[in-house]
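Survey of secondary and tertiary structure
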Amino acid sequence: MELGEAGPGVEERAAAVADAVCELVDAVTPRAWSTGAVEDAIDAIDMLAEVLAAIDPETARILAAVPAATARLRHRLVPGGTEDVPEAPAPRSGRPRRRGLGPGWQGVRLPDPGQR
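This write-up is about the structure you can find in this document. (Residues numbered from 1 in each chain as written. Predicted model: local features only at pLDDT ≥ 70, side-chain atom pairs only at ≥ 80, totals over all residues. Heavy atoms only, no water.)

This next bit is on the packing of helix α2 (residues 35–53) against helix α4 (residues 66–77). Helix packing geometry: the angle between the two helix axes and the distance between the axes. Their axes nearest at 10 Å, the elements α2 and α4 cross at an angle of 175°. Taken together, the axis directions place α2 and α4 in an arrangement best described as roughly antiparallel. On α4, the residues that touch V38, E39, I42, D43, I45, D46 and A49 of α2 are V66, P67, T70, L73, R74 and L77. (Axes fitted to C-alpha atoms, helices over the stretch in contact; angles between N-to-C directions. Helix = DSSP H or I, 4+ residues; strand = E, 2+ residues; numbered from the N terminus. Parallel < 35°, antiparallel > 145°, perpendicular 65-115°, else oblique. Contact = heavy atoms within 4.5 Å.)

Rendered as structure tokens:
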């Protein structure tokens, strides 16, 4: 797989995700998890797998098992989880899932088309 130059802000955001995961690894113990923390971590895995799967069909094939694996993990670790464990990964629409990013999120700022 040959990748080109990263889009604006992609490398910085990917590095920030990697740094955040390293901080989580340093802070976590098996008893340090809460239900919300587990759900957030599983959502992050799902979203990262989905965005990486958009690179090309082979990458999508490699990562196809991730949604079913995270659903099984969610079902096993979250008491009273209501999400069913899928038998096979759901078909992808090709578009990333939309998810709220919490208070304070200002969104992505794009240049005004009239200023080009």
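Quick look at the pattern of salt bridges now. Following the criterion strictly, the structure yields three salt bridges and no others. Residue R74 pairs with D46 through a salt bridge whose shortest N-O separation is 3.8 Å. Taken together, the residues R74 in helix α4 and D46 in helix α2 connect sequence positions 28 residues apart. The burial state of R74 is the same as that of D46; both residues are buried. Each of D43, D46 and R74 takes part in one network of salt bridges that share partners. (Salt bridge = Lys/Arg side-chain N within 4 Å of Asp/Glu carboxyl O. Buried < 20%, exposed > 50% of the residue type's maximum accessible area, 1.4 Å probe, protein only.)

Attention now moves to the environment of E58. Tracing the chain through its elements places E58 in helix α3 (residues 57–63). The class of E58 is partly exposed, set by a relative accessible area of 40%. Only 2.6 Å separates the side chain of E58 from the side chain of R61, close enough to count as a polar contact. (Polar contact = N/O pair within 3.5 Å; in protein donor to acceptor, adjacent residues only side chain to side chain.)

In short, geometric facts, not functional conclusions.
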